[in-house]
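If you want the building blocks of each chain, they are given just below.
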Amino acid sequence: MTSGERFSVIYHVTGNDKEAYAKAQDICVEQTIEYPYELLAPGFIKNEVVGRIESFAPLKSNQGHRVVINYAIELAANELTQLLNVVFGNISIKPGILVDQLILPDSLLNVFKGPRFGREGLRQVLGVFDRPLLFAAIKPMGLNSVQLADIVYRCALGGIDIIKDDHGLSNQTFAPFEERVTLCSEAVHRANRETGRNSIYVPNITAPANEILSRSQFAKQAGVGGLLASPALIGLDTMRWLSDEDSLALPIISHPAFQGSYITSAAHGFGFSHYALYGQISRLAGADAVIYPNFGGRFSFSIDECRAIVRGTEEVMGHLKSIFPSPGGGMTIERIPELLDVYGKDVAFLMGGGLFKQGPDLVKNCRYFLDLVEKV
């Protein structure tokens, strides 16, 4: 038997009234029993296990329908993997269905620890309480470990709070993981001794499954301040596991590599909303900050989509902490005043190549970035 508690998912489905309602009925079956509904006998499975259409209405845009479907919480089996399977498993292979929002009761949210640090915890780690966080990526790929460590050192001297591996840095021969992590961690600590600040270095631990834990443990022993993971490559639940692992106890930064197909199809009516994927699901999976492409950069996100991500990172989800939205992707220092108007202070601005475009003096460029944020 089930407890009677249920969780809901808001879907957007394409089609006219008849087509959309048929899709809604199909979701109820496909995401649960995956069995001919007409063959079910009256009773438990039909009454409790099959999804239920809670509401059905046209979208204001007149481009499909808003459907709310609820499911017994027991179907999620107290697992993130199975929860996501119920939310968007087989139907992810079908066109015209978009996951807009998850509505989860406390009884289900309490299964997940969520972000270990969240916004306030990450601010405590960094000692930065009254302004946006400054975030930089070490580039370009092809530099050796000594060169990358020098970039980390100069960024920390200039006042950058979080300095991460570029997401493409793994264990290449020109900058092997253990060598790079050792030197970059030493560099940030050396800079902190000189500045009195608490900048952190965050290595990329996106790796083959059998190496993720060992690389993370090595990074912890080397004194890093957090871990960078691409959950679409290693798995959302793997990121959750890293966040929950008490032997690590490090902030987790989520990178969007390989997530594009989940999100860019939203404009065509299938996939995930920006709110759900980068906000709600990132929090369920334990991220303390989530990187995504900023509007007006070299990717296609709109200002409204970015605002939706911010809402997803901070709106109440039971006990789950709010997390830092971290817009990046073609960011430039000149846009900071404009972006502060949109994001306010609870944001981590990720700058990559934009830091180098200001001129050859990286320390000076970083200090200019910091001064601009503090003045505005």
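Residues numbered from 1 in each chain as written. Predicted model: local features only at pLDDT ≥ 70, side-chain atom pairs only at ≥ 80, totals over all residues. Heavy atoms only, no water.

Peer 1: What's the story with the overall build of the chain in this structure? I'm lost.
Peer 2: When helices and strands are tallied, the chain shows 16 helices and 13 strands. In summary, the chain has a C-alpha radius of gyration of 22 Å against a globular reference of 21 Å for 376 residues, a match within 12%. If you line up the chain on its principal axes, its C-alpha atoms span 70 × 40 × 35 Å. Residues counted as buried form 54% of the 376 residues belonging to the chain. (Helix = DSSP H or I, 4+ residues; strand = E, 2+ residues; numbered from the N terminus. Rg over C-alpha atoms; globule rule 2.2 N^0.38 Å. Buried < 20%, exposed > 50% of the residue type's maximum accessible area, 1.4 Å probe, protein only.)

Peer 1: Is there a simple way to explain helix α1 (residues 17–30) in this structure?
Peer 2: The α-helix winds at 3.6 residues per turn, so residues separated by three or four positions along the chain end up facing the same way. Between its first and last C-alpha atoms α1 spans 20 Å; for 14 residues at 1.5 Å apiece the expected length is 20 Å, and the two agree. For α1, the full list of buried residues reads A20, A24, I27, C28, V29 and E30. Turning to α1, the residues buried within the fold contact β1 (6–13), β2 (52–58), β3 (65–72) and β4 (97–103). Near the N-terminus of α1, the side chain that reaches the backbone nitrogen of K18, with its oxygen 3.1 Å away, is that of N16. (Expected span 1.5 Å × (residues − 1). Contact = heavy atoms within 4.5 Å. Polar contact = N/O pair within 3.5 Å; in protein donor to acceptor, adjacent residues only side chain to side chain.)

Peer 1: What should I look at first to understand the side chain of Q280 in this one?
Peer 2: Inspection of the secondary structure puts Q280 in helix α12 (residues 274–284). Looking at Q280, its side chain comes within polar contact range of the main-chain oxygen of L102, at 2.9 Å. Contacts of Q280, omitting those with residues within four sequence positions, involve Q101, L102, Y275, G312 and M317.

Peer 1: For this particular structure, what's the right way to read the sheet that holds β4?
Peer 2: Neighbouring strands of a sheet are bound in pairs by backbone hydrogen bonds; such pairs are parallel or else antiparallel. Here five strands make up an open sheet; going across it, the order is β2-β3-β1-β4-β10 and the pairing mixed. The sheet is open, and its two edges are formed by β2 and β10 (271–272), each paired on a single side. Pairing geometry for β1 and β4, over six bridges, is antiparallel. Residue pairing in the sheet places Y11 in a bridge with V99 of β4. (Pairing = 2+ DSSP bridges.)

Peer 1: Explain the sheet that holds strand β8 (residues 227–229) to me, please; I cannot follow it from the model alone.
Peer 2: Reading across the sheet, the four strands line up as β8-β9-β11-β12 and stay open at both edges, with parallel pairing between neighbours. Strand pairing shows two members of the sheet lacking a second neighbour, β8 and β12 (324–328), which therefore form its edges. Here the average twist between neighbouring strands, direction ignored, is 25 degrees. Relative to strand β9 (residues 252–254), β8 is paired through three bridges, and the arrangement is parallel. Note that in β9 the partner of L228 across the bridge is I253. (Axes fitted to C-alpha atoms, helices over the stretch in contact; angles between N-to-C directions.)

Peer 1: Teacher, can you tell me more about the nonpolar core here?
Peer 2: Nonpolar side chains in soluble globular proteins tend to be buried together. Core analysis: the biggest nonpolar cluster contains 106 residues, and F7, Y11, L83, L284 and F369 have the highest contact counts within it. With eight residues, helix α6 (residues 145–157) is the single largest residue contributor to this core. Of all hydrophobic cores here, the second largest spans 16 residues; its members include A137, I162, I253 and A348. (Core = buried A, V, L, I, M, F, W, Y, C linked by side-chain atoms within 4.5 Å.)

Peer 1: How do you make sense of the environment of F258 when you look at a structure like this?
Peer 2: Structurally, the position occupied by F258 is in the loop between β9 and α11 (260–263). Counting along the chain gives 26 residues from F258 to A232, while the straight-line C-alpha distance between them is 5.6 Å. Leave out the neighbours within four places in its chain, and F258 touches A232 and L233.

Peer 1: Looking at this model, I keep getting lost on the packing of aromatic side chains. Mind explaining?
Peer 2: The description of an aromatic ring pair uses the distance of the two centres, along with the angle that the planes make with each other. Within this structure, the stated rule accounts for nine aromatic pairs. Put simply, the rings of F88, Y262 and F272 pair up and form one aromatic cluster. Positioned above the aromatic ring of F177, the side-chain terminus of R215 is 5.4 Å from the ring centre. Over the ring of F295 we find R335, and its NZ or CZ is 5.0 Å from the ring centre. (Phe/Tyr/Trp six-rings, centres within 6.5 Å; stacked < 30°, edge-to-face > 60°. Lys NZ or Arg CZ within 6 Å of the ring centre and 35° of its normal.)

Peer 1: Any chance you could explain the pairing of β2 here in plain terms?
Peer 2: Looking along a regular strand, one sees side chains alternate from face to face of the sheet. Summarising the sheet, β2 and β3 pair through six bridges and their orientation is antiparallel. By the bridge assignment, P58 is partnered in β3 with H65. Here β2 hands over to β3 after six residues, with N62 in that stretch at a positive phi of 60 degrees.

Peer 1: For this particular structure, what's the right way to read unusual backbone geometry?
Peer 2: Negative phi is the rule for most residues except glycine; trans is the rule for most peptide bonds. In this model, K139 is joined to P140 through a cis peptide bond whose omega is -5 degrees. Summarising the element assignment, P140 is placed in the loop between β5 (133–138) and α6. A positive phi is found at N78, a non-glycine position, where the angle reads about 60 degrees. Position of N78 among the secondary structure elements: in the loop between β3 and α3 (80–88). Among the residues examined, N78 registers a relative accessible area of 52% and is labelled exposed. The phi dihedral of A249 is positive, around 50 degrees, even though this residue is not glycine. Looking at where A249 falls in the secondary structure, it is placed in the loop between α10 (236–244) and β9.

Peer 1: Just to check I follow, could you spell out the pairing of β3 for this structure?
Peer 2: Buried residues dominate β3, accounting for seven of its eight residues. By the bridge criterion, eight bridges tie β1 to β3 in an arrangement that is antiparallel. Counterpart to F7 in the pairing with β3 is Y71.

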